[in-house]
Amino acid sequence: MAAADLATDHLVLDPAARALLFTEARTANTFSDEPVSRDQLRAITELAKWPPTSANINPLRITFVTTPEAKARLLPLIFEGNRAKTESAPVVAILAIDLDFHDRIPQLFPVRPEMRDLYKDDLARREQAATFNGTLQTAYFILAVRAAGLAAGPMAGFDAAGIDAEFFADRPYRSILVVNIGKPGKDPWFNRLPRLDHEDYVEYL
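Residues numbered from 1 in each chain as written. Predicted model: local features only at pLDDT ≥ 70, side-chain atom pairs only at ≥ 80, totals over all residues. Heavy atoms only, no water.

Chemist: Would you explain the overall build of the protein chain in this entry?
Modeler: Across its full length, the protein chain holds 10 helices and four strands. Taken from the N to the C terminus, the helices and strands of the protein chain come in the order α-α-α-β-α-α-β-α-α-α-β-α-β-α. Each principal axis of the C-alpha distribution contributes one length, and for the protein chain these read about 50 × 50 × 35 Å. Buried residues in the protein chain amount to 38% of all 205 residues. Considering only contacts within the protein chain whose residues lie at least 6 apart along the sequence, 78% involve residues at least 24 apart. (Helix = DSSP H or I, 4+ residues; strand = E, 2+ residues; numbered from the N terminus. Buried < 20%, exposed > 50% of the residue type's maximum accessible area, 1.4 Å probe, protein only. Contact = heavy atoms within 4.5 Å.)

Chemist: Quick question: what am I supposed to make of the pattern of salt bridges here?
Modeler: It is possible for side chains bearing opposite charge to pair when their charged atoms get close. Taken as a whole and assessed by the stated rule, the structure comprises 10 salt bridges. Arg112 is the salt-bridge partner of Glu114, the closest N and O atoms lying 2.5 Å from each other. The exposure class of Arg112 is partly exposed, given its relative accessible area of 35%. Linked through salt bridges whose partners overlap, the residues forming this network are Arg42, Glu46 and Lys49. (Salt bridge = Lys/Arg side-chain N within 4 Å of Asp/Glu carboxyl O.)

Chemist: Looking at this model, I keep getting lost on the packing of helix 3 (residues 38-48) against helix 8 (residues 123-147). Mind explaining?
Modeler: Pairs of packed helices are described in terms of their axes, by the angle between the two and the distance that separates them. Between helix 3 and helix 8, the least distance of the axes is 8 Å, while the angle of their chain directions is 135°. Between helix 3 and helix 8, the interaxial angle falls into the category oblique. Considering how the two elements wind past one another, helix 3 and helix 8 form a crossing that is right-handed. Contacts between helix 3 and helix 8 involve Ile44, Leu47 and Ala48 from the former and Tyr140, Phe141, Ala144, Val145 and Ala147 from the latter. When grouped by side-chain class, the residues that make up the contact of helix 3 with helix 8 number eight nonpolar, no polar and no charged. (Axes fitted to C-alpha atoms, helices over the stretch in contact; angles between N-to-C directions. Parallel < 35°, antiparallel > 145°, perpendicular 65-115°, else oblique. Left-handed = near helix turned anticlockwise from the far one by under 90°. Nonpolar A, V, L, I, M, F, W, Y, C, P; charged D, E, K, R; others polar.)

Chemist: Help me understand the side chain of Arg146, please; the structure alone is not making it clear to me.
Modeler: Residue placement: Arg146 occurs in helix 8. Buried charged residue Arg146 carries no salt bridge. Nearest counter-charge: Glu24, at 11 Å. Aside from chain neighbours lying at most four places away, what touches Arg146 is Leu20, Leu21 and Ala25. (Lys, Arg positive; Asp, Glu negative; His and termini not counted.)

Below is the structure:
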């Protein structure tokens, strides 16, 4: 059966939603000067916070760079090949993990508040949990940006240590992704790249 027929028969999302979130979604390389409002950003974060993380730890922390002054601090820390993309985006999100996420476990996982103590004196364990779950949350965040009708340009090409020193010097945050956000600009897309066939990455046991 063709993939389109499978989607029609077995997926709850309608074709427009599937296209918006998945099949037609692309990483934007240029952005228009159309502004992105704080209400739009709030709607994105309110949607992205709901999917699951291990024991509901929610280690992701989001910093929206929205002013020329803040962007001037950020741009030198973006690798040169990515800098023009970030400069053209009306909003840039710095996605970071909070290595002290465990302090919020009694609030976020009240059925097992004692889990905080499992992490309290074990930085390596906190780093592992925060990195895994924060990476999950970056994917949720990108889908939420798309759900708002905006393009997301996620990038790993940046000076993470420099961003942490510049923006999070007084907090136990570690940046893991930068996401340019806005409406697509002129010639925003590269050609669509192929994907693996079903048989190449899926098996049934």
